[in-house]
Amino acid sequence: MNASTELKIGIVTDTHYWQRQEPFITSEGSVQLQPWSEQILDVLLDTLRAAQPDLIIHLGDLVCGGGGYKMPGDEFERAMRHVHRRLHELDVPVVALPGNHDLYPGEGNLHEFYVLWHYQESVGKTIDLPQARCVLLNAMGHTPEQIQSAPDRDPVYGMISPAELQRLRDVLLSADDRPVLIFSHQVLLPWNSGKPWKDYYGVYNGQEVLKLIDQTSCVYAVFQGHAHRLHIQQRLLQSGRRCVFATLPGTIEYPVAWTRLSLRGTQAHLQLQRLPLPDISIISARSGGGQSWREGDPAWWDYRFDLYA
């Protein structure tokens, strides 16, 4: 495969798998679709197979660990292994980032995730493709003090460890003329429209990452999960070029979707891929005063931007 060949990446986030009898109701009254976790996962895998991506990236929160959900430890372990196994049924490379709900419940550690997905603690991965360098930024590099002081030992917000910041600096400086795409669980650039921003959506030291993006000018897009919504904006870099920052919706709430990213030549194409589960999706859509805002502006459902511009 060369740079002129189309590359397709399936981006999945916030599956929050937990096959249980009752849905989880958020503090705002919205319904998450845990009772249909296995059905959602089945359909997700079917649609990914049909799309034939070259790579699948999960942005984190595979299951319902961490705080809030009160998931029993044995169920957490089974769910984590189950989702890992099911994703690897696909005949395509699959990688994942840790999210705050991939923490062992009540303990605040990511040991189970790191063993399954072959990570060093608090450090991410780099995948070099002919079309781009993909940087999986580990935003779960909290200090022991941050973990201990957080409710249920789940800080929720992201934190980039010193080792991960140095790794990011190195991979950006060595990118040469290759465009870089960054993938993160928590949100690096606060959104500028719609629902109010809350600090727990973000990365505690995200400004350090944004500074590196500004200084190196090789990053063309950042893809983020965590917030269960679609939002796309652009940031003007010091070089005068713009970088796309996309927050992507999860599969556990409306619009119950994954995202297809296609790269060909100097063009990138982002497309929202709703799962064909209208009867389930509408349960979430109508809850908590309405969740249509999660699908974002229709202009973002089929969004193109330039590489090498």
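So, how was this worked out
Position numbers for residues start from 1 in each chain and track the written sequence from start to end. Side-chain atom pairs in this predicted model are given and counted only at pLDDT of 80 or more, local residue features only at pLDDT of at least 70, and totals for whole chains, interfaces and linings cover all residues. Hydrogens are left out, water is left out, and the side-chain values use all remaining heavy atoms of the structure. Helix numbering and strand numbering both begin at the N terminus, where a helix is a DSSP run of H or I of at least 4 residues and a strand a DSSP run of E of at least 2. Only protein chains enter the accessibility calculation, which uses a 1.4 Å probe; a residue is then buried when its area is under 20% of its type maximum, exposed when over 50%, and partly exposed in between. Contact definition: two residues touch when any of their heavy atoms are within 4.5 Å. Note on areas: these come from Shrake-Rupley sampling with a 1.4 Å probe, and a residue is covered only by the protein chains present in the view. Residues scored as positive are Lys and Arg, those scored as negative are Asp and Glu, and His as well as the terminal groups of each chain are ignored. Taken as the charge location is NZ of Lys, CZ of Arg, CG of Asp or CD of Glu. When two cysteine sulfur atoms lie within 2.5 Å, the pair is treated as a disulfide. Definition used in this section: a nonpolar core is a set of buried Ala, Val, Leu, Ile, Met, Phe, Trp, Tyr and Cys residues joined via side-chain atoms within 4.5 Å. By this rule, a helix spans an expected 1.5 Å times one less than how many residues it contains. Lining residues are those with an atom within 4 Å of a point, where the points come from a 1 Å grid over the protein atoms alone and group into cavities, where a 1.4 Å probe fits but cannot get out, or pockets, open sets with protein on both sides within 12 Å along at least five of seven lines. Grid points are joined across faces, edges and corners, and a volume is the space filled by probe spheres set on the points. As a working rule, the residues Ala, Val, Leu, Ile, Met, Phe, Trp, Tyr, Cys and Pro are called nonpolar, Asp, Glu, Lys and Arg charged, and the rest polar, with Gly in that last group.

Novice: How should I be thinking about the overall build of the chain in this particular structure?
Specialist: For the chain, the count of helices and strands is seven helices and 12 strands. The buried share of the chain, reckoned over its 309 residues, is 61%. In the chain, 71% of the contacts between residues at least 6 apart in sequence involve partners at least 24 apart. For the chain, the exposed area adds up to about 12,600 Å²; of that, 50% sits on carbon and sulfur atoms. Measuring between centres, the 27 positive side-chain charges of the chain sit 4 Å from its 35 negative side-chain charges.

Novice: Just to check I follow, could you spell out the state of the cysteines for this structure?
Specialist: In protein structure, a disulfide is the covalent linkage between the sulfur atoms of two cysteines. In total, this model carries zero disulfides according to the counting rule given. Free of any disulfide, C243 has its nearest neighbouring cysteine sulfur in C218, separated by 9.5 Å.

Novice: Explain the environment of C218 to me, please; I cannot follow it from the model alone.
Specialist: The residue C218 is located in the loop between α6 (206-216) and β7 (219-224) in this model. Among residues more than four places away in sequence, those in contact with C218 are L172, A175, R178, P179, V180 and R241.

Novice: So what exactly am I meant to see when it comes to the nonpolar core here?
Specialist: For soluble globular proteins, the rule of thumb is that nonpolar side chains tend to be buried together. In terms of nonpolar packing, the biggest core is built from 76 residues, with L181, F183, F223 and L261 touching the most fellow members. Broken down by element, this core gets its largest block of residues, seven residues, from helix α1 (residues 37-51). Sequence-distant contacts of L261, defined by excluding residues within four places in its chain, comprise L7, K8, I9, I11, L181, F223, A268, H269, L270 and F305.

Novice: For this particular structure, what's the right way to read helix α2 (residues 73-87)?
Specialist: Residues spaced three or four apart along an α-helix point in a common direction, a consequence of the helix completing one turn every 3.6 residues. Across its 15 residues, α2 extends 21 Å between first and last C-alpha, which sits within 8% of the 21 Å expected from 1.5 Å per residue. Considered for burial, the residues of α2 that qualify are G73, F76, A79, M80, H82, V83, H84, R86 and L87. Packed against the buried residues of α2 are α1, β2 (55-58), β3 (94-96) and α3 (111-117).

Novice: Teacher, can you tell me more about the layout of surface pockets here?
Specialist: If you roll a probe as big as a water molecule over the atoms, it shows you where there is empty space left. Each pocket or cavity is described by its volume, and for the largest pocket that value is around 730 Å³. In terms of lining residues, the largest pocket is bounded by 30 residues, among which T26, S27, Q32, Y200 and Y201 are the most central. Of the residues belonging to the lining of the largest pocket, the class tally is 10 nonpolar, 11 polar and nine charged. Here the second largest pocket is characterised by a volume of approximately 260 Å³. Surrounding the second largest pocket, 17 residues form its lining, G108, N109, E121, H142 and I147 being those nearest its centre. Within the residue set of the lining of the second largest pocket, elements represented by two or more residues are α3 and α4 (144-149). Within the lining of the second largest pocket, the residues separate by chemical class into seven nonpolar, seven polar and three charged.

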